[in-house]
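# Summary of the model geometry
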Amino acid sequence: MSKFATILLKIIIVLSLIGIVVFVGIAIFNNQNIAYEAYNYIASTHNSKDFKTLQTNITNNVKTVYGGDKDVYADYINSAIIELNEGIGYFLDYLVFEDDITKGEQDKLISLYDGYLKGFSSTEESYKTYMQAYENARKQIEENYEEADYAKANVKAKGVSLVRTYVSCFDYGNDFFKYLVKIVNKYNLNGSGLFSYKGQSYMIKVGIVENTLEFVYDNMSKKANDLSYVENINTNELIANYYNYVSNAEKYGDDDCVVNTNFRQFINNLNCLNIYDWAGNYTAYTNTLSDDLKQKSESAKTFFNNNFI
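Residues numbered from 1 in each chain as written. Predicted model: local features only at pLDDT ≥ 70, side-chain atom pairs only at ≥ 80, totals over all residues. Heavy atoms only, no water.

With that out of the way, let us pick up the overall build of the protein chain. A count of helices and strands for the protein chain gives 13 helices and 0 strands. Reading the protein chain from its N terminus to its C terminus gives the helix and strand order α-α-α-α-α-α-α-α-α-α-α-α-α. Counting across all 309 residues of the protein chain, residues that qualify as buried make up 42%. Once local pairs closer than 6 in sequence are excluded, the contacts in the protein chain between residues at least 24 apart make up 78%. Carbon together with sulfur atoms contributes 52% to the accessible area of the protein chain, which is approximately 16200 Å² in total. (Helix = DSSP H or I, 4+ residues; strand = E, 2+ residues; numbered from the N terminus. Buried < 20%, exposed > 50% of the residue type's maximum accessible area, 1.4 Å probe, protein only. Contact = heavy atoms within 4.5 Å. Areas by Shrake-Rupley, 256 points an atom, 1.4 Å probe, with all protein chains shown as cover.)

Position of serine 126 among the secondary structure elements: in helix H4 (residues 103-143). For serine 126, a relative accessible area of 9% gives the class buried. Not counting chain neighbours up to four residues away, the residues in contact with serine 126 comprise Ser161, Leu162 and Thr165.

The next thing to look at is the packing of aromatic side chains. Per the counting criterion, the structure on display carries 31 aromatic pairs. Ring geometry for tyrosine 197 versus phenylalanine 263: centroids 5.1 Å apart, planes at 75°, classification edge-to-face. Residue tyrosine 197 is found in helix H6 (residues 197-210), and its partner phenylalanine 263 is found in helix H10 (residues 261-270); the two are separated by 66 residues along the sequence. In this structure, tyrosine 197 and phenylalanine 263 share a single accessibility class: buried. Among the aromatic residues, those joined into a ring-pair cluster are Tyr197, Tyr245, Tyr252, Phe263, Phe266, Trp278, Phe303, Phe304 and Phe308. Sitting above the plane of the tyrosine 217 ring, arginine 164 keeps its charged end 5.1 Å from the centroid. Seen from the ring of tyrosine 282, lysine 301 lies directly overhead, with NZ or CZ sitting 5.3 Å from the centre. (Phe/Tyr/Trp six-rings, centres within 6.5 Å; stacked < 30°, edge-to-face > 60°. Lys NZ or Arg CZ within 6 Å of the ring centre and 35° of its normal.)

The biggest cluster of nonpolar side chains holds 81 residues, and the ones touching the most others in it are Leu109, Phe177, Leu180, Tyr197, Ile204, Phe266 and Trp278. When residues of this core are assigned to their parent elements, the largest contribution, 17 residues, is made by helix H5 (residues 149-187). In this structure, tryptophan 278 is in contact with Ile204, Phe266, Leu270, Leu273, Tyr285, Ser297, Ala300, Lys301 and Phe304, ignoring residues within four places of it in sequence. (Core = buried A, V, L, I, M, F, W, Y, C linked by side-chain atoms within 4.5 Å.)

Relative to each other, helix H3 (residues 72-92) and helix H7 (residues 213-224) sit at 155°, their axes nearing to 11 Å. By the angle between their axes, H3 is roughly antiparallel relative to H7. Crossing of H3 against H7: the hand is left-handed. On the side of H3, the interface is formed by Tyr73, Tyr76 and Ile77, while H7 contributes Leu213, Phe215, Val216, Asn219 and Met220. (Axes fitted to C-alpha atoms, helices over the stretch in contact; angles between N-to-C directions. Parallel < 35°, antiparallel > 145°, perpendicular 65-115°, else oblique. Left-handed = near helix turned anticlockwise from the far one by under 90°.)

The terminal C-alpha atoms of helix H8 (residues 237-248), which comprises 12 residues, lie 16 Å apart, in line with the 16 Å expected from a rise of 1.5 Å per residue. Buried within H8 are the following residues: Leu238, Ile239, Ala240, Asn241, Tyr242 and Tyr245. Packing partners of the buried residues in H8 comprise H3, H6, H7, helix H11 (275-280) and helix H13 (291-307). Regarding H8, its N-cap is asparagine 236, as a side-chain oxygen of that residue lies 3.0 Å from the backbone nitrogen of leucine 238 further along. (Expected span 1.5 Å × (residues − 1). Polar contact = N/O pair within 3.5 Å; in protein donor to acceptor, adjacent residues only side chain to side chain.)

Using the criterion set out here, one finds 10 salt bridges in the structure. Between glutamate 142 and arginine 138 there is a salt bridge; the shortest N-O distance is 2.6 Å. Of this pair, glutamate 142 and arginine 138 are both found in helix H4, 4 residues apart, which corresponds to roughly one turn of the helix. The class of arginine 138 is partly exposed, set by a relative accessible area of 30%. In this structure, aspartate 226 engages lysine 156 in a salt bridge whose closest nitrogen and oxygen atoms are separated by 2.2 Å. Residue aspartate 226 is found in the loop between H7 and H8, and its partner lysine 156 is found in helix H5; the two are separated by 70 residues along the sequence. The class for lysine 156 is buried, based on a relative accessible area of 18%. Each of Glu135, Arg138 and Glu142 takes part in one network of salt bridges that share partners. (Salt bridge = Lys/Arg side-chain N within 4 Å of Asp/Glu carboxyl O.)

With that settled, consider the environment of alanine 38. Along the chain, the position of alanine 38 falls in helix H1 (residues 3-48). Look past the residues within four positions of alanine 38 in its chain and what remains in contact with it is Gln106 and Ile110.

Structure (structure tokens):
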């Protein structure tokens, strides 16, 4: 081989090695930025959405009927959305420290979150429509009370539609939340399912709420058809449990597991179970478990009942 050919071969080899290094470097760099891109998009969008204004408006302005009391069903889903958003914020922060998430997983996170945002936007529009109906009823009553029955009935109909839309919004947010938790468990917790109490608390709330949505929706159907309408929402045991747990959840914190054996056992038991099913469908879920897991489920339930509800 001539000297020129040898030099040319060496140059080609060096350039090839440089190309490989550059290609690998770019691939690693792009992969390391995938999780951050998902985090940055979702976090910035989440912070820019005016959840609180809608929540305040619904609490203050949505009534069971025209001139009636606060709509407890709208208020319940409102509370559920507040807790859901806090849970999203809590688990979303884990993505900052993760660089192994795939492009497909990132895309699914973003797609599910976009679905939640669309559900929220639909709820905003439904609220505006409700308020327009309410204002129209007010004007009708002021002008001619005897002809205001239709306007008042329309307020009720728009209120029903608003709650149904808000229920759908929670459903979308719940789908995103559960997938986010799945990603956190896969990468940040190495698939161990060993969540802290703080994380468990949001999963408990979600598990309870998702098993009450059918009850809420059914009552909206009854209300729309002028059938019996359950004014006292606490007739539903799960909803009563939800409110009690929200009020008492912060009686314990992650630090308490160090000094409180019973609380630590409660956390350990939950991490052996499907927390969503345990919280929202306890009896049916527990009946499917092996004897060992059934004992853990029953022990966790006893602690939960004695300390939170």
